[in-house]
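Results of the structural survey
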Amino acid sequence: MKIYVCKDYERMGRVAANYLAAQINIKPDSVLGLATGSTPVGMYKELVKKYESRDISFKDIVTFNLDEYVNLPKENINSYYTFMHENLFDKIDINPENINMPDGNAKDFDSYSKEYEKAIALKGGIDLQVLGIGNNAHIGFNEPGEYFSKETTVVDLTRSTIDANSRFFDSIDEVPNQAISMGIGTIFKSEKIILLASGKTKAEAIKNTVNGPIDPHVPASILQLHKNVLLIIDEQAASLLDKNCYETV
Ligand code: PGA
């Protein structure tokens, strides 16, 4: 697991965007796995700038998002559908047919989840997956538990995730308590993975991900076994790491 530590959130966004831009330039029809949340917003801003300056084009890029809330209308201001369109898709030249997002309002989640897995496989799998990390070390919405989840499925959100996400909603009662999420197995099949983290509240999760035993109670710890993972984190998120285990960029 390679770790880049950046001075601050802005630098983290630029470093991550450079990595994605390199992937897009090398393989213009890349399949990207995308994440939502506060962490990747800076990276998306930088990617939009790169698109505007014609450094990159998304014309042949295919995307699959990690997760979506269950039973939140997709037009809701807090849906990940809205987030992705506002932060990225509406600002670039991506073909709408190449955008794939889990449907939080699917009628039959079992068969829909299988279809989502199949759609990823049909595109040849994910070339580069972007991840954030929860305060409890979840990736996607794969919460701490007794085992590592395998495939896309509906998950119950833990109290800590609901609390963390309540900052976007008018009241905590409005936060959905379920989401549909790619499984850890889905994420793990990606060719390359970058995980972004910013701020002190992520320091413990990062420490346990990097140094701790591989344990489903720390979902991100499984990334220690992946052959191509890069953590791009800021100094605060890295504050509990041994200085010898990372590069400052
Ligand atoms: P955040 O969420 O980027 O809003 O901190 C990350 C996550 O929960 O995976």
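The protein has the name Glucosamine-6-phosphate deaminase in an unreviewed UniProt entry, where Peptostreptococcus russellii is given as its organism. Its UniProt record, at the heading Sequence similarities (unreviewed entry), says of the protein: "Belongs to the glucosamine/galactosamine-6-phosphate isomerase family. NagB subfamily." Looking at the protein in UniProt, the text filed under Catalytic activity (unreviewed entry) is "alpha-D-glucosamine 6-phosphate + H2O = beta-D-fructose 6-phosphate + NH4(+)".

**Focus: the overall build of the protein**
Regarding its fold elements, the protein presents seven helices and 11 strands. Rg of the C-alpha trace for the protein: 17 Å, near the compact-globule value of 18 Å for 249 residues, within the 12% margin. On the principal axes, the C-alpha backbone points of the protein span a range of 50 × 45 × 35 Å. Summarising the internal contacts of the protein: among those between residues at least 6 apart in sequence, 81% fall at separations of at least 24.

**Some thoughts on the sheet that holds strand 11 (residues 247–248)**
Spatially, the eight strands line up as an open sheet ordered 5-3-2-6-9-10-1-11, and their pairing is parallel. The open sheet has two edge strands with one neighbour each: strand 5 (99–100) and strand 11. As defined by bridge partners, strand 1 (residues 2–6) adjoins strand 10 (residues 229–234) across five bridges and the pair is classed as parallel. Of the residues in strand 10, the one forming a bridge with Tyr4 is Ile232.

**Details of helix 3 (residues 80–87)**
Burial analysis of helix 3 places six of its eight residues in the buried class, which makes it a mostly covered element. All of the buried residues along helix 3 are Tyr80, Thr82, Phe83, Met84, His85 and Asn87.

**Examining the layout of surface pockets**
In this structure, the largest pocket encloses a volume near 700 Å³. As for the largest pocket, its lining consists of 36 residues, and the residues nearest its centre are Gly37, Ser38, Asn165, Arg167 and Phe168. Listed by contribution, the elements that provide at least two residues to the lining of the largest pocket are strand 4 (67–69), helix 3 and helix 5 (159–165). Class assignment for the residues of the lining of the largest pocket results in 14 nonpolar, 18 polar and four charged.

**Looking at the side chain of Glu46**
Relative to the helices and strands, Glu46 is located in helix 2 (residues 41–52). Each residue touching Glu46, except ones within four places of it in the same chain, is listed here: Gly13, Arg14 and Ala17.

**As for the packing of helix 1 (residues 9–26) against helix 2**
Contact geometry for helix 1 and helix 2: axes closest at 7 Å, N-to-C directions at 50°. By the angle class used here, helix 1 and helix 2 are oblique. Here helix 1 and helix 2 pass one another in a crossing that is right-handed. For the pair helix 1 and helix 2, the contacting residues are Tyr9, Gly13, Arg14, Ala16, Ala17, Asn18, Leu20 and Ala21 in the first and Val41, Gly42, Met43, Glu46, Leu47 and Lys50 in the second.

**Some thoughts on the pattern of salt bridges**
Using the criterion set out here, one finds nine salt bridges in the structure. A salt bridge links Asp127 to Lys27, with the shortest nitrogen-to-oxygen separation between them at 2.9 Å. With Asp127 in the loop between helix 4 (109–122) and strand 6 (128–131) and Lys27 in the loop between helix 1 and strand 2 (31–34), this residue pair connects regions lying 100 residues apart in the sequence. For Asp127, a relative accessible area of 12% puts it in the buried group. What makes Lys27 partly exposed here is its relative accessible area of 31%. Between Lys59 and Asp60 there is a salt bridge whose closest N-O contact spans 3.3 Å. Residue class for Lys59 comes out exposed when judged on its relative accessible area of 52%.

**Regarding the site of the ligand**
Lining the immediate environment of the ligand, one finds Gly37, Ser38, Thr39, Gly132, Ile133, Gly134, His138, Arg167 and Lys202. In this structure, an oxygen atom belonging to the ligand sits 2.9 Å away from a side-chain N or O atom of Arg167. Here the ligand has 280 Å² of accessible area as a free molecule, and 84% of this is covered by the chains. In this structure the site holding the ligand corresponds to the largest pocket. Within the shell around the ligand, the residues separate by chemical class into one nonpolar, six polar and two charged.

Conventions and cut-offs
- Residues numbered from 1 in each chain as written.
- Predicted model: local features only at pLDDT ≥ 70, side-chain atom pairs only at ≥ 80, totals over all residues.
- Heavy atoms only, no water.
- UniProt positions renumbered as here; feature names shortened; annotations may be inferred.
- Helix = DSSP H or I, 4+ residues; strand = E, 2+ residues; numbered from the N terminus.
- Rg over C-alpha atoms; globule rule 2.2 N^0.38 Å.
- Contact = heavy atoms within 4.5 Å.
- Pairing = 2+ DSSP bridges.
- Buried < 20%, exposed > 50% of the residue type's maximum accessible area, 1.4 Å probe, protein only.
- 1 Å grid on protein atoms, 1.4 Å probe; cavity = no way out; pocket = protein on both sides within 12 Å on 5 of 7 lines; lining within 4 Å.
- Points joined across faces, edges and corners; volume = space filled by probe spheres on them.
- Nonpolar A, V, L, I, M, F, W, Y, C, P; charged D, E, K, R; others polar.
- Axes fitted to C-alpha atoms, helices over the stretch in contact; angles between N-to-C directions.
- Parallel < 35°, antiparallel > 145°, perpendicular 65-115°, else oblique.
- Left-handed = near helix turned anticlockwise from the far one by under 90°.
- Salt bridge = Lys/Arg side-chain N within 4 Å of Asp/Glu carboxyl O.
- Near = heavy atom within 4 Å.
- Polar contact = N/O pair within 3.5 Å; in protein donor to acceptor, adjacent residues only side chain to side chain.
- Areas by Shrake-Rupley, 256 points an atom, 1.4 Å probe, with all protein chains shown as cover.
- Sits in = over half its atoms within 2 Å of the grid points.

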